[in-house]
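What the coordinates show
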Amino acid sequence: MSRQIKVEAAEIATLRVAAGETLRVVNSLGGQVVDAWFFAADDWTEHVCMSHSRAALRTIRPVVGSAFVTCRRVPLITMAADTSPGVHDMTMPPCDRWRYQQLDAPGHRNCADNLRSALHAAGHAAGVMLPDPLNLFQNSPVAPDGTITFRESSAPAGSYVDLRADRDLIAFLSVCPMDIMPINGGSPREIAAVVLDGVT
């Protein structure tokens, strides 16, 4: 039986996903970036690491079949399906309080504090350094000269990504609250998350 929740704009969801189950992240209204983190359920010091995943995959653009590895180079979750245009980001850190201070918006809701709050609620103290997320649906192209730009997400309403758990894990999905840079089209909006039994 599948389990589905709605995650409001700027909020974060915590989901337990068993090995073999699939986490579907649905861009319900389109154009919304989702910061996603994945921790091994049996050892919270082991988590999906973007730098190790980039090295393992030899790309900064994940595709269906991409396995994201932990800080110990062990696959934890694999992209099993993608009905969006396939534009996701593996390079950017989460938005945080200091980024919003630079943007003259102190006190703005942010993905880093969302994760800290979720970790605290789950009984785990968050350290000073947080893992970089997998930024689902984020459109941050890299030009030939290495310049990174920030563009509006190209994910249409109803498109989704399926992520298959290779091990029991805890997933955190932060609906990015950024409304100053163009990545969410200036208006963050809700998403849906579904845990599906078995492989899709």
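Just above sits the structure.
What you see is a predicted model; the values in this text were computed from it and never measured.

Observations regarding the nonpolar core
Most often, soluble globular proteins have nonpolar side chains that are buried together. Core analysis: the largest hydrophobic core is formed by 31 residues, its most contacted members being Leu23, Val25, Phe38, Phe68, Leu136 and Leu163. For this core, the secondary-structure elements that each account for two or more residues are β2 (12-17), β3 (22-27), β4 (34-40), β7 (75-82), β8 (134-136), β9 (159-165), β10 (169-175) and β11 (191-196). Aside from chain neighbours lying at most four places away, what touches Val25 is Val34, Leu136, Phe137, Ser159, Tyr160, Val161, Leu163, Leu173, Ile191 and Ala192. One finds Ala105, Leu130, Ile170 and Ile183 within the second-largest nonpolar core, a separate group that totals 20 residues.

Describing the sheet that holds strand β1 (residues 3-7)
Within the open sheet, the six strands sit side by side as β1-β11-β3-β9-β7-β6. Their pairing is antiparallel. Both edges of this open sheet fall to β1 and β6 (67-69), since each of them pairs with a single strand only. Direction aside, the axes of adjacent strands within the sheet are offset by 20° on average. The sheet contact formed by β3 and β9 spans six bridges and is antiparallel. Counterpart to Leu23 in the pairing with β9 is Leu163.

The rules behind the values
- Residues numbered from 1 in each chain as written.
- Predicted model: local features only at pLDDT ≥ 70, side-chain atom pairs only at ≥ 80, totals over all residues.
- Heavy atoms only, no water.
- Core = buried A, V, L, I, M, F, W, Y, C linked by side-chain atoms within 4.5 Å.
- Buried < 20%, exposed > 50% of the residue type's maximum accessible area, 1.4 Å probe, protein only.
- Helix = DSSP H or I, 4+ residues; strand = E, 2+ residues; numbered from the N terminus.
- Contact = heavy atoms within 4.5 Å.
- Pairing = 2+ DSSP bridges.
- Axes fitted to C-alpha atoms, helices over the stretch in contact; angles between N-to-C directions.

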